Amino acid sequence: DTAVSQTPKYLVTQMGNDKSIKCEQNLGHDTMYWYKQDSKKFLKIMFSYNNKELIINETVPNRFSPKSPDKAHLNLHINSLELGDSAVYFCASSPHRVADPTDTQYFGPGTRLTVL
Amino acid sequence: DQQVKQNSPSLSVQEGRISILNCDYTNSMFDYFLWYKKYPAEGPTFLISISSIKDKNEDGRFTVFLNKSAKHLSLHIVPSQPGDSAVYFCAASRSGTYKYIFGTGTRLKVLA
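Every value quoted in this text rests on a predicted model; they were computed, and no experiment measured them.

A. Representation of the packing of aromatic side chains in the model. Under the defined criterion, the tally for this structure stands at 14 aromatic pairs over all chains. Clustering of aromatic rings is evident, with ring pairs tying together A:Tyr33, A:Tyr35, A:Phe90, A:Phe107, B:Tyr36, B:Phe46, B:Phe89, B:Tyr100 and B:Phe102.

As C-alpha cells, this is what we get:
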C-alpha cells in the first residue's frame, strides 16, 4: 500500500542516453512534483502538475520533460543525459487543487540516477 | 541564493537529552514552515509544521518554534531517541504558491 512510488530505484546509464523515471501516487492527490537532490544535498523543486496541468516549471534544461498521463502519475523523461544530471530524484504529491502552503507534500523513496 | 539555511550539517546528542535543530530564512514573504525527516534510501517524511501566525507548535516529543523577527525557526526533540537519528530538513513556503524551499539538512545522531 505504498503511497508514492517511483521506479526504478536505481538507474545507471551512459552520457547521451535518454531515460525515464516513473512516479505513481495512490493517495488521490491532485498535485504532483519532481524534486532533484544534488551532491550538495540541495533538494530543489523542478516541476509541479496539478490535475495534469503544469503549474511550476523551474529553471530546468528542456532536456527534462515531465509527462502526466493522469493525475495519479507524473513521469520524468530526460534526453541526452549529462554527467551533471547525476542526482537523486524525488517525486511528491499533495492533496489540494488550490495553492495552499498548509498542503503537506508526501514524498516517494527517490531514484538515484548515475550518469557515466 | 539560498533562502533557507541550515548552518549545522550535523549534530550528536545523547539519548534522553534534548535535540535542537536550527533553520534560518531570508524571505519575509514565507508564511508556512515545515520540518521533514529523512532516513537513508527513503524519501523525506513530514514531521511537523507551523504557520507564521503562531510562534510555537507542539506534537508529542517534537516542538517547532518560530521567531519571525529573527527569521529563525528551531525544532526541539525531547527526549531524543536513537530512532530519531536521521537527516532533518527545514522547508518554507508562501501562500499562493505550491513551492517548498528546502534547507540542506542537518544530520542528527542520537547516541545510545
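Next comes the rest of the account.
B. Main features of unusual backbone geometry. Following A:Thr7, the chain continues to A:Pro8 via a peptide bond in cis, the omega torsion being -5 degrees. With respect to the helices and strands, the residue A:Pro8 is situated in the loop between strand 1 (4–7) and strand 2 (10–13). Cis geometry is adopted by the peptide bond preceding B:Pro79, which originates at B:Val78 and carries an omega value of -10 degrees. Examined against the element boundaries, B:Pro79 turns out to sit in the loop between strand 8 (72–77) and strand 9 (86–93). At A:Lys52, a position not held by glycine, the phi torsion is positive, near 75 degrees.

C. The arrangement of the interface of chain A and chain B in detail. Counting residues at the interface gives 28 residues for chain A, matched by 21 residues for chain B. Carbon and sulfur atoms supply 63% of the area that chain A and chain B bury against each other, a total of about 1900 Å² over both sides. For the pair chain A and chain B, the number of links is one salt bridge. A salt bridge links A:Glu58 to B:Lys99; the nearest nitrogen and oxygen atoms lie 3.1 Å apart. At the surface where chain A touches chain B, the tally comes to four residue pairs in polar contact (both at pLDDT 80 or more). Among the secondary structure elements, those contributing two or more residues to the side of chain A that touches chain B are strand 4 (31–37), strand 5 (43–50) and strand 6 (53–57) of chain A.

D. Representation of the pattern of salt bridges in the model. Counted according to the given criterion, the structure contains seven salt bridges over all chains. Residues A:Asp30 and A:Lys71 are paired through a salt bridge, measuring 2.7 Å at the closest nitrogen-oxygen approach. Taken together, the residues span a long stretch of sequence, with A:Asp30 in the loop between strand 3 (19–25) and strand 4 and A:Lys71 in the loop between strand 7 (64–70) and strand 8 (73–78) at a distance of 41 residues. By relative accessible area, A:Asp30 is classed as buried at 12%. The partner of B:Arg61 in a salt bridge is B:Asp84, with the nearest N and O atoms 2.8 Å apart. Residue B:Arg61 is found in the loop between strand 6 (56–59) and strand 7 (62–67), and its partner B:Asp84 is found in the loop between strand 8 and strand 9; the two are separated by 23 residues along the sequence. Residues participating in the shared-partner salt-bridge network are A:Arg63, A:Glu82 and A:Asp85.

E. Fine view of the state of the cysteines. Residue and element names in this part refer to chain B. According to the stated counting rule, one finds two disulfides over all chains in the structure shown. Residue Cys23 pairs covalently with Cys90 via a disulfide, S to S 2.0 Å. Taking the torsion about the sulfur-sulfur bond, which here is approximately -70 degrees, the covalent link between Cys23 and Cys90 counts as left-handed. One end of the pair, Cys23, is in strand 3 (residues 19–25); the other, Cys90, is in strand 9, and 67 residues separate them in sequence. Of the residues examined, Cys90 reaches a relative accessible area of 0% and is grouped as buried.

Conventions we followed
- Residues numbered from 1 in each chain as written.
- Chains lettered and ligands numbered in written order.
- Predicted model: local features only at pLDDT ≥ 70, side-chain atom pairs only at ≥ 80, totals over all residues.
- Heavy atoms only, no water.
- Phe/Tyr/Trp six-rings, centres within 6.5 Å; stacked < 30°, edge-to-face > 60°.
- Helix = DSSP H or I, 4+ residues; strand = E, 2+ residues; numbered from the N terminus.
- Contact = heavy atoms within 4.5 Å.
- Buried area = accessible area lost by both parts, 1.4 Å probe.
- Salt bridge = Lys/Arg side-chain N within 4 Å of Asp/Glu carboxyl O.
- Polar contact = N/O pair within 3.5 Å; in protein donor to acceptor, adjacent residues only side chain to side chain.
- Buried < 20%, exposed > 50% of the residue type's maximum accessible area, 1.4 Å probe, protein only.
- Disulfide = S-S within 2.5 Å.

By themselves, these observations are geometric and do not establish any function.
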